[in-house]
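# A closer look at the structure
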Protein chains: 2
Amino acid sequence: MKNMVLSESSGKRLSELVSLTDAHLEELHKRALNGTGKQSVITDAMWYSLSAGGKRLRPVLTLEFCHVCGGDERKALSAACALEMIHTFSLIHDDLPCMDNDDMRRGKPSCHKAFGESMALLAGDALLNMAFGVIADDEYLSADTKTALIRELSSSSGILGMIGGQVIDTEYKGEFDDALILDMYSMKTSALLRAACRMGCISAGADEDRISAAGEFAEKLGLAFQITDDILDMTGDERILGKPVGSDAQNGKNTYASVNGIEAARKKASELTDEAYARLDGFKDNGFLRELTLYLLGRDR
Amino acid sequence: MKNMVLSESSGKRLSELVSLTDAHLEELHKRALNGTGKQSVITDAMWYSLSAGGKRLRPVLTLEFCHVCGGDERKALSAACALEMIHTFSLIHDDLPCMDNDDMRRGKPSCHKAFGESMALLAGDALLNMAFGVIADDEYLSADTKTALIRELSSSSGILGMIGGQVIDTEYKGEFDDALILDMYSMKTSALLRAACRMGCISAGADEDRISAAGEFAEKLGLAFQITDDILDMTGDERILGKPVGSDAQNGKNTYASVNGIEAARKKASELTDEAYARLDGFKDNGFLRELTLYLLGRDR
């Protein structure tokens, strides 16, 4: 599974969804630039990080879950871009000197290295803020759908989700056992993936059963994804990853892999991936999502 | 006008609206604390700053504009608290070492002095995020109203509003003339006040004319308020203000008062206040808002 590659059709589908996302982000970029005057440097800083070569995993999941629930992907584009904005804001703030102090991100200088600390702080704030505006401004969705999407986005990225997980990661001084590490991953990584998959279903107008199944899929996927990330931080190649390896150990971070060892971590990630895989049974036309799930575990970047 | 005090009835009304706001913030605090586990320190940091003795000007305006448009204040409580969260997030991030580096805020150690830099960064992020969630979760408002409120909140606090103004304030390296300083104040200070007044009207279901008039009132009030703030930074008493004076000059900031002198600034603030005052003509039962406007210019804190 380590060298899993996507089939030609899935590779094509992935490119298609990434292109849809990038085109809509570019459209939002143009609108933002047109509006800003002497403060336009913030738009540059925001899009520097937004276009720094992220995998667009969250948007891809949003668009594909919308599709497998029978919706036109266009209906999920605002949610997809909002999730990428939230993800990017979190990376910009995580890289700041008072957090992880990472100088590189995706093979390029991190936002504060390129634009300075205060600009990076404000660019992160602005991306978080804009994520909600993008959904509220969408021209295709009903007010009910927008409200449901915004509730998902806020709860998944707030103190009970991504930010809450970040707090445990950086501030909690007690002992980290397996359960707490997995709780932390559930908040820090799974929460936003859960939102991505659920928001795709919501955009398509899917029923509660499908929304829940998509959320459970994402929960498992997120844990597997984070554990794989830990392993790569201990064993990966800096040139391929495009970011420094060993930063977890250097920052004294407790990870599933560092606490349980690399082999146990590989086994756990594999089990979680199987569980995620099984949650896709209820969705028709799930070939791409199944391949993507396996691909993400075997990824080398 | 320097020693303007509110009449007994207006003072009572002000207390009433502040109490309504504080009670709802406390309710939201309890809900947040109940939900958080090992990350609960972030809730402490968020409410440390939220309850640090702010004037609650934005919530008061939101609730009162809802009232003068014929709405029950309860319908505007989520918007009011959301605005206070956005305002507080901006103060926490502005105080950080990479921004204004202020150790004190409202007579108490600023958030990063009390909780550390990384916690203050995350607490600001979480307040910004929660502001949108509070509106989306409101149980009294329609989805249409929620969406309209969220659009106001996002546009007023983003790159075309508060954050945009902050970028010009901290990053713009060109010359600051009167027009640019007033533009910057319009974004940095008026935008959120404009949102406060407009969101009060929107919560009440008011028509577009009233929403616009409320926005114009706030625009003028915000400029007057910011110029008054500049004057206080040059002339105020640190013990009364509860924050250091002279920090603008120390940080090399261009303010209307520093560029034009204190007397010209006083005159401009007075003119703007008169203009704001006139915009209230279209609202019945506007006695409190009129007194509040005059009070804010003559305030000594």
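Not measured: the values here are computed from a predicted model.

## Some words on the overall build of chain A
When you go through chain A residue by residue, the secondary structure sums to 15 helices and two strands. Since a compact globule built from 301 residues should have a radius of gyration of about 19 Å, the 18 Å found for chain A is in line with a globular shape. Taken over the C-alpha atoms alone, chain A extends approximately 50 × 50 × 35 Å along its principal axes. Within chain A, the proportion of its 301 residues that are buried is 54%.

## Remarks on the environment of arginine 210 of chain A
All names here are of chain A. Checked against the element boundaries, arginine 210 lands in helix H10 (residues 208-235). We classify arginine 210 as buried; it has 21 C-beta atoms within 10 Å. For the pair formed by arginine 210 and arginine 198, sequence separation is twelve residues and the distance between their alpha carbons is 8.3 Å. Every residue in contact with arginine 210, bar those within four places of it in the chain, is listed here: Cys69, Cys201 and Gly282.

## Digging into the interface of chain B and chain A
Of the residues lining the interface, 47 residues belong to chain B; the matching set on chain A comes to 47 residues. Among the elements of the structure, helix H1 (8-35), helix H2 (41-50), helix H6 (117-136), helix H7 (143-157) and helix H8 (162-171) of chain B are those that each provide at least two residues to the side of chain B that touches chain A. In terms of residue count, H6 of chain B provides more of the side of chain B that touches chain A than any other element does, 13 residues in total. In terms of residue class, the side of chain B that touches chain A is made up of 23 nonpolar, 16 polar and eight charged.

## Observations concerning the relation of the copies chain B and chain A
Overlaying chain B with chain A gives an RMSD of 0.0 Å, the required rotation being 180° about an axis along which the chain moves by 0.0 Å. These values place the two chain copies in the arrangement generated by a two-fold rotation axis. Of every C-alpha in chain B, the one belonging to alanine 143 of chain B sits nearest the axis of rotation, 2.6 Å from it. In this assembly the copies share their binding face: 100% of the residues contributing to the interface of chain B also contribute to that of chain A.

## Let's talk about unusual backbone geometry
Residue and element names in this part refer to chain B. Positive phi, normally seen in glycine, also occurs at arginine 56, with a value near 60°. Structurally, the position occupied by arginine 56 is in the loop between H2 and helix H3 (57-68). You can call arginine 56 buried: it has 23 C-beta atoms within 10 Å. Its identity is not glycine, yet arginine 106 carries a phi of approximately 50°, on the positive side.

## Let's talk about helix H9 (residues 178-203) of chain A
Residues and elements named next belong to chain A. Here H9 contains 26 residues, and its C-alpha end-to-end distance of 35 Å stays within 8% of the 38 Å for a straight helix at 1.5 Å per residue. Along H9, the sharpest kink reaches roughly 50°, centred on serine 190. Of all 26 residues making up H9, 20 are buried, and the element is well covered by its neighbours. Of the residues trailing H9, glycine 205 is marked for its positive phi of about 75°.

## Concerning the packing of H8 of chain B against helix H9 (residues 178-203) of chain B
Residue and element names in this part refer to chain B. Closest axis-to-axis distance for the H8/H9 pair is 7 Å, and the angle between their directions is 145°. Judged by the sense of rotation from one axis to the other, the crossing of H8 with H9 is left-handed. For the pair formed by H8 and H9, the contact residues are Met162, Gly164, Gly165, Gln166, Ile168 and Asp169 on the first element and Met184, Met187, Lys188, Ala191 and Leu192 on the second. Its residues placed into classes, the contact of H8 with H9 shows six nonpolar, three polar and two charged.

## Quick look at the environment of glycine 124 of chain B
Note that glycine 124 of chain B resides in helix H6. Not counting the four nearest positions on each side in its chain, glycine 124 of chain B is found in contact with Phe89, Ile92 and His93 of chain B.

## Examining the confidence of the model for chain A
Summarising the model, chain A shows a mean pLDDT of 93, and 95% of its residues fall at 70 or more. At the level of chain-chain contacts, confidence expressed as ipTM amounts to 0.94, with global pTM at 0.94.

## Considering the environment of tyrosine 277 of chain A
Residues and elements named next belong to chain A. Residue position: tyrosine 277 is located in helix H14 (residues 262-278). In this structure, the C-alpha to C-alpha distance between tyrosine 277 and phenylalanine 217, residues 60 residues apart in sequence, is 7.2 Å. Apart from residues lying up to four places away in sequence, tyrosine 277 is in contact with Arg290 and Thr293.

## Some details on helix H2 (residues 41-50) of chain A
Since one α-helical turn is 3.6 residues long, residues separated by three or four positions face the same way. Where burial is concerned, most of H2 of chain A is hidden: seven out of the ten residues are buried. Every buried residue belonging to H2 of chain A is among Ile42, Thr43, Ala45, Met46, Tyr48, Ser49 and Leu50 of chain A, and all of these are buried. Taken together, the buried residues of H2 of chain A touch helix H1 (8-35), helix H4 (77-95), helix H5 (111-115) and helix H6 (117-136) of chain A together with H8 of chain B.

Scoring rules and cut-offs
Residues numbered from 1 in each chain as written. Chains lettered and ligands numbered in written order. Predicted model: local features only at pLDDT ≥ 70, side-chain atom pairs only at ≥ 80, totals over all residues. Helix = DSSP H or I, 4+ residues; strand = E, 2+ residues; numbered from the N terminus. Rg over C-alpha atoms; globule rule 2.2 N^0.38 Å. Buried ≥ 20, exposed ≤ 12 C-beta atoms within 10 Å, placed from the backbone. Contact = placed C-beta atoms within 7 Å. Nonpolar A, V, L, I, M, F, W, Y, C, P; charged D, E, K, R; others polar. Least-squares fit on C-alpha atoms with pLDDT ≥ 70 in both. Expected span 1.5 Å × (residues − 1). Bend = angle between axes of the 7 residues up to and from the residue. Axes fitted to C-alpha atoms, helices over the stretch in contact; angles between N-to-C directions. Left-handed = near helix turned anticlockwise from the far one by under 90°. pLDDT = per-residue confidence, 0-100.

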